[in-house]
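# A look at the structure
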Amino acid sequence: MTPEAERMTSLPAAGGGRLLTLTVGPPAAGGTFVARHEGRVVFVRGTAPGETITARLLDDPEEKANARFWRAEAVDVLEAGVDRVPSVWEEAAADGVGGAEWAHIALPAQRRIASEVLQELLRRAGVSSFPIEQVQVEPASHDVDGLGWRTRVRFAVDADGRVGMRGWRSHDVRDVGENPLAARAIRELRLGEWTAPEGTEAIDAVAPSAGPASVVLIGRDLDPEAVVVPEAWGEADVSVRTSRGLVPLRGDGTVHERVGERLFTVAATGFWQSHRRAAEMLGEVVESTLGAPRGGSAWDLYGGVGLFAAVAAEQVGPDGTVITVEGNRRASQLAGENLEDLPQVSTATADVTDWVKARRGGVDAVVLDPPRSGAGAELMELLAAAVRQRIVYVSCEPSTLARDLAAIEKKGWRVVDLRAFDLFPHTHHIESVALLEPAGA
Ligand SMILES: C[S@@+](CC[C@H](N)C(=O)[O-])C[C@H]1O[C@@H](n2cnc3c(N)ncnc32)[C@H](O)[C@@H]1O
């Protein structure tokens, strides 16, 4: 038995759920694996293919007697699978913190499993213009162990001011231990050892690629004057976000990110790609696929603070036009400031679908990077009609990507390339980039 399995054996069946012995089969979406109990599908967290485990049911079998499936969590490994390794984050095991549900699976196996899940989602959605079996999740460049990558961490705080993270499917705050997925600058803040002032509900910690780390204490009625900054935070910027807005105590409530020669300013609680290599890697992939023509036009949809608009602007050159469309007012304003040396770029603060719907005339190339909910069929259909040459779709949620690719295929477009990246190691999340062209091109 592995040390991890031994540790799990000693865990009580917390919550009193019924225990089942299960043999684990293929992966399912959401980081779980499929097992069967008396013919019923059970989605199990905390296991790996080929294992025999004791699992604690998360559903009440009497209440859910007619349900098509049950959910369970592995609490003991009776026979470990070949992919199991000692967990890189013990606190993420059964009944522990969420956000590292594959920490007990070898990194190459995580990528193999993620590739299987992605391929299955594409197949089920009916994506047919690309050889799906070729899609394999690639590691991020220079990432050997999948640790220390997360540059943005949201900590939870309990009523006693104890700082940790929420448990998986639970509101309880759990100890984060060494927090090994977090970037070093975040681990060095030692937030798990700190007691937050009364009224703190959450803490956003950021380890940007340029300049100091940032800590934002969040609480509706938090009193900024009650915050005593501990020594462990060193030079970190500190802000408090209450229902009345952001109060910077140190710094100005922004962080800085460097990609190549360009510096981006991002709100301390705003969106930026989380893996420390992601912005650079995705920028390179967009650069090599978008192919916006010199003097032509491009849209950067769901543009954030302008990461991909900068790439498109270089391609179209000073005589071209790029419009970056973003719903968050602050992010849109920062995009304008970040790219003010590129007069070919303009910003629009709007809902992307509404904006594209209201737009007259077409565009040569589009990059879009929607949130997990994806673009949706309506937007894909609008883009199929408006875009003349290429669409690059950057996605952090393969199920909505698959749905959206199938929708645009129906409008006469095809998937020319599809790459996937392990930008969330030790979790089931996958980043993908699809290149699309009109089928006749
Ligand atoms: C995954 S992020 C991508 C940001 C940017 N492309 C980057 O890589 O930094 C998605 C962005 O879409 C924005 N967003 C979400 N829903 C939106 C909508 N319906 N319309 C416009 N922007 C939206 C979010 O505020 C966020 O900045």
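Residues numbered from 1 in each chain as written. Predicted model: local features only at pLDDT ≥ 70, side-chain atom pairs only at ≥ 80, totals over all residues. Heavy atoms only, no water.

We now examine the confidence of the model for the chain. Caution applies to low-pLDDT parts of the model: their predicted coordinates are not meant to be read in detail. Residue-level pLDDT values for the chain average 94, and 96% of them are 70 or greater. Under a pLDDT of 50 for its full length, residues 1–16 has, in the predicted model, 28 contacts with residues more than four places off or in other chains. (pLDDT = per-residue confidence, 0-100. Contact = heavy atoms within 4.5 Å.)

This part takes up the sheet that holds strand β1 (residues 19–27). Spatially, the 5 strands close up into a barrel ordered β1-β2-β3-β5-β4, and their pairing is mixed. With direction set aside, neighbouring strand axes in the sheet form an average angle of 50°. (Pairing = 2+ DSSP bridges. Helix = DSSP H or I, 4+ residues; strand = E, 2+ residues; numbered from the N terminus. Axes fitted to C-alpha atoms, helices over the stretch in contact; angles between N-to-C directions.)

This brings us to the sheet that holds strand β19 (residues 363–368). In space, the 8 strands of this open sheet follow the order β6-β21-β22-β20-β19-β16-β17-β18, with mixed pairing throughout. Each of the sheet's edge strands pairs with one partner strand only, and the pair in question is β6 (137–139) and β18 (345–349). On average, adjacent strands in this sheet sit at an angle of 20° to one another, irrespective of strand direction. The sheet contact formed by strand β16 (residues 297–301) and β19 spans 4 bridges and is parallel. If you follow Asp300 over to β19, its bridge partner there is Val367. Contacts from helix α6 (residues 329–338) reach β17 (321–326) and β18 within the one sheet, and its direction differs from that of β18 by about 170°.

To continue, consider the pairing of strand β8 (residues 163–166). Relative to β8, strand β7 (residues 152–157) is paired through 2 bridges, and the arrangement is antiparallel. Residue pairing for β8: Val157 is matched across the bridge by Val163. In the sheet, β8 pairs with strand β9 (residues 173–174) via 2 bridges, with the strands oriented antiparallel. In the strand pairing of β9, Arg166 is matched with Val173. Here β8 hands over to β9 after 6 residues, with Arg169 in that stretch at a positive phi of 55°.

For Thr242, the position within the fold is in strand β12 (residues 237–242). Residue class for Thr242 comes out buried when judged on its relative accessible area of 9%. Non-local contacts of Thr242, meaning those with residues more than four positions away in its chain, are made with Gly219, Arg220 and Leu222. (Buried < 20%, exposed > 50% of the residue type's maximum accessible area, 1.4 Å probe, protein only.)

What follows is about the nonpolar core. Among the nonpolar cores identified, the biggest contains 73 residues, and Trp89, Phe155, Leu191, Ile203 and Trp233 are the most heavily contacted of them. Element by element, the count of residues in this core is highest for helix α5 (residues 307–316), at 8 residues. Beyond its immediate stretch of four places on either side in the chain, Ile203 contacts Val153, Arg154, Phe155, Val157, Val163, Leu191, Trp194, Val215, Val216 and Leu217. Counting residues in each nonpolar core, the second largest holds 62 residues, with Leu22, Ala48, Met380 and Ala406 among its members. (Core = buried A, V, L, I, M, F, W, Y, C linked by side-chain atoms within 4.5 Å.)

Take the site of the ligand next. Taken together, 16 residues lie around the ligand, and Gln273, Glu326, Gly327, Asp351 and Asp369 are the ones closest in. Separating an oxygen atom of the ligand from a side-chain N or O atom of Gln273 is a distance of 2.7 Å. Take Asp351: an N or O atom from its side chain is 2.8 Å from a nitrogen atom of the ligand. Contact with the protein chains hides 82% of the accessible area of the ligand, taken as 590 Å² for the molecule alone. Taken together, the residues of the shell around the ligand break down into 8 nonpolar, 5 polar and 3 charged. (Near = heavy atom within 4 Å. Polar contact = N/O pair within 3.5 Å; in protein donor to acceptor, adjacent residues only side chain to side chain. Areas by Shrake-Rupley, 256 points an atom, 1.4 Å probe, with all protein chains shown as cover. Nonpolar A, V, L, I, M, F, W, Y, C, P; charged D, E, K, R; others polar.)

The next thing to look at is the domain arrangement of the chain. Put simply, an interface is often sized by how much accessible area is lost when its parts join up. Taken domain by domain, the chain holds domain 1 (3–100), domain 2 (126–141 + 275–438) and domain 3 (152–252). The distance between the C-alpha centroids of domain 1 and domain 3 comes to 31 Å. With 13 residues of domain 1 at the interface, the matching set in domain 3 holds 12 residues. With both chains or domains summed, domain 1 and domain 3 bury close to 1000 Å², and 65% of this area falls on carbon and sulfur atoms. The three residues of domain 1 that bury the most area against domain 3 are Trp89, Glu91 and Val97, which together make up 42% of that side's buried surface. Scanning the region where domain 1 abuts domain 3 turns up 1 salt bridge. (Domains from an automatic or database assignment. Buried area = accessible area lost by both parts, 1.4 Å probe. Salt bridge = Lys/Arg side-chain N within 4 Å of Asp/Glu carboxyl O.)

For the rest of this paragraph, the subject is the pattern of salt bridges. In this structure the tally under the stated criterion is 27 salt bridges. Here Asp204 and Arg154 are joined by a salt bridge, their closest N and O atoms 2.6 Å apart. One end of the pair, Asp204, is in strand β10 (residues 202–206); the other, Arg154, is in strand β7, with 50 residues separating them in the sequence. Judged by its relative accessible area of 48%, Arg154 falls in the partly exposed class. A salt bridge links Arg162 to Asp158, with the nearest nitrogen and oxygen atoms 3.2 Å apart.

Within the structure shown, the criterion is met by 6 aromatic pairs. A ring pair is formed by Phe264 and Trp272, whose centres lie 5.3 Å apart and whose planes are at 45°; its orientation type is tilted. As far as the burial class goes, Phe264 and Trp272 line up, both buried. (Phe/Tyr/Trp six-rings, centres within 6.5 Å; stacked < 30°, edge-to-face > 60°.)

Below, the discussion takes up the pairing of strand β11 (residues 214–218). Most of β11 is tucked away: 5 of the 5 residues are buried. Here β11 shows no split at all, with Ser214, Val216 and Ile218 on one side and Val215 and Leu217 on the other all buried. Where β10 meets β11, 5 bridges bridge the pair, whose relative direction is antiparallel. When the bridges of β11 are listed, Ala205 appears paired with Val215. Bridge analysis of β11 against β12 gives 5 bridges, and the strand direction is parallel. Bridge assignment links Ser214 to a residue of β12, and that residue is Asp237.

Where helix α8 (residues 377–386) contacts helix α9 (residues 398–409), the axes come no closer than 9 Å and their chain directions differ by 40°. Taken together, the axes of α8 and α9 lie oblique to each other. Both α8 and α9 take part in a crossing whose hand is right-handed. Residue-level inspection shows Ala377, Met380 and Ala384 of α8 in contact with α9, the latter providing Asp404, Ala407 and Ile408. For the contact of α8 with α9, the residue count by class is 5 nonpolar, no polar and 1 charged. (Parallel < 35°, antiparallel > 145°, perpendicular 65-115°, else oblique. Left-handed = near helix turned anticlockwise from the far one by under 90°.)

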